[in-house]
Amino acid sequence: MKIGIIVGSVRDSRNGTSVAQWVANAAASQDDADFEVVELRDFNLPILTDPVVPGAANREYGTEEARTWGRKIDEFDGFVFVTPEYNHGVPGAFKNAFDSIAPEWMHKSVGMVSYGADGGVRAVEQWRQIVANMQMVAVRHQISLSLFTEFDENGVAPNERRTGELAALLTEVVDMARVLAPRREAVVPA
Ligand SMILES: Cc1cc2nc3c(=O)[nH]c(=O)nc-3n(C[C@H](O)[C@H](O)[C@H](O)COP(=O)(O)O)c2cc1C
C-alpha cells in the first residue's frame, strides 16, 4: 500500500509541514506501507474554472496543473490529510484541490490529522462529509493538535499520548486501504 500525507496548507511559513514531517517520521516504522509527504503548494493548482465537472472529465482536466495533481493522487491507496482549520472550516486551497479532480480519490482510505485553537475538529467534521462523496472511508481515529499546547518555535511538539494515537490511525488507514482495494480496481486509471 502507498499512503500520501497531504499538507493542506499552502501558506508561507505554514505549520502544516512540521505536522506532516511528524506523521512521516512515525510512519517510517510501519513496515506494511510506503508513505510520502505531498505538499499541495508544490502543485500551484489554479482555482477550478473548468466547464466540465471533474467527475465527468475522464481525467482530462482543463489545466496541466490539475492533470499533474491527479496523476500524483492516483499513485496512492490512502491518505493522511494534514489539515488546518480556517474560519471554522476546511482550508479553501485544500478544498479546491479536492474538487479539482475526482476518480483519483475514489474508494481510498483517509485519516485526519488537524491542528488549531480547538484542535481543528470543525475542519475534520467537514472533511468527513466531503470525502464521503468520493466514496472514501475516513477512519475513526483522528489527531487534533492544540496550537496552544502542542506547538513551539520549531513547529509541532505533540503530547506524549499522540504517539500511540498516531500509530493507531496509520494502522487503520493502511488496513482500510487494503480492504477497499477490490473497489479501486473498478476505477481504472486513464
Ligand atoms: C484564514 C485563516 C483562518 C483561520 N481560522 C481559524 C479557525 O477558525 N480556527 C482555528 O483554530 N484557527 C484558525 N486559524 C489559525 C490557524 O489554525 C493557524 O494559523 C494555523 O497555523 C494554520 O495552519 P497553517 O500554518 O498550516 O496554514 C486561521 C488562520 C487563517 C490563516
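Thresholds, definitions, all that
- Residues numbered from 1 in each chain as written.
- Predicted model: local features only at pLDDT ≥ 70, side-chain atom pairs only at ≥ 80, totals over all residues.
- Heavy atoms only, no water.
- Helix = DSSP H or I, 4+ residues; strand = E, 2+ residues; numbered from the N terminus.
- Rg over C-alpha atoms; globule rule 2.2 N^0.38 Å.
- 1 Å grid on protein atoms, 1.4 Å probe; cavity = no way out; pocket = protein on both sides within 12 Å on 5 of 7 lines; lining within 4 Å.
- Points joined across faces, edges and corners; volume = space filled by probe spheres on them.
- Nonpolar A, V, L, I, M, F, W, Y, C, P; charged D, E, K, R; others polar.
- Buried < 20%, exposed > 50% of the residue type's maximum accessible area, 1.4 Å probe, protein only.
- Pairing = 2+ DSSP bridges.
- Right-handed = clockwise from strand over helix to strand, strands pointing away.

Visitor: An account of the overall build of the protein chain is needed here, citing residue identities and associated values.
Guide: The secondary structure content of the protein chain amounts to six helices and seven strands. Beginning at the N terminus, the succession of helices and strands in the protein chain can be written as β-α-β-α-β-α-β-α-β-β-β-α-α. In summary, the protein chain has a C-alpha radius of gyration of 16 Å against a globular reference of 16 Å for 190 residues, a match within 12%. For the protein chain, the spread of C-alpha atoms along the principal axes amounts to about 45 × 35 × 25 Å.

Visitor: If you had to explain empty space enclosed by the protein to someone new, which residues and values would you point to?
Guide: All told, the structure shown has one cavity of 30 Å³ or more when counted by the stated rule. In this structure, the largest cavity encloses a volume near 60 Å³. Contributing to the lining of the largest cavity are L45, P46, I47, L48, T49, D50, T63, A66 and S100. Split into classes, the residues belonging to the lining of the largest cavity amount to five nonpolar, three polar and one charged.

Visitor: With reference to specific residues and values, describe the pairing of strand β1 (residues 2-7).
Guide: Buried residues dominate β1, accounting for five of its six residues. Where β1 meets strand β2 (residues 34-39), six bridges bridge the pair, whose relative direction is parallel. Across the sheet, residue K2 finds its bridge partner in β2, namely D34. Chirality of the crossover, the property in question, places the unit of β1, helix α1 (residues 16-27) and β2 among those that are right-handed. Direction of pairing for β1 relative to strand β3 (residues 78-84): parallel, over a ladder of five bridges. In the strand pairing of β3, I6 is matched with F81.

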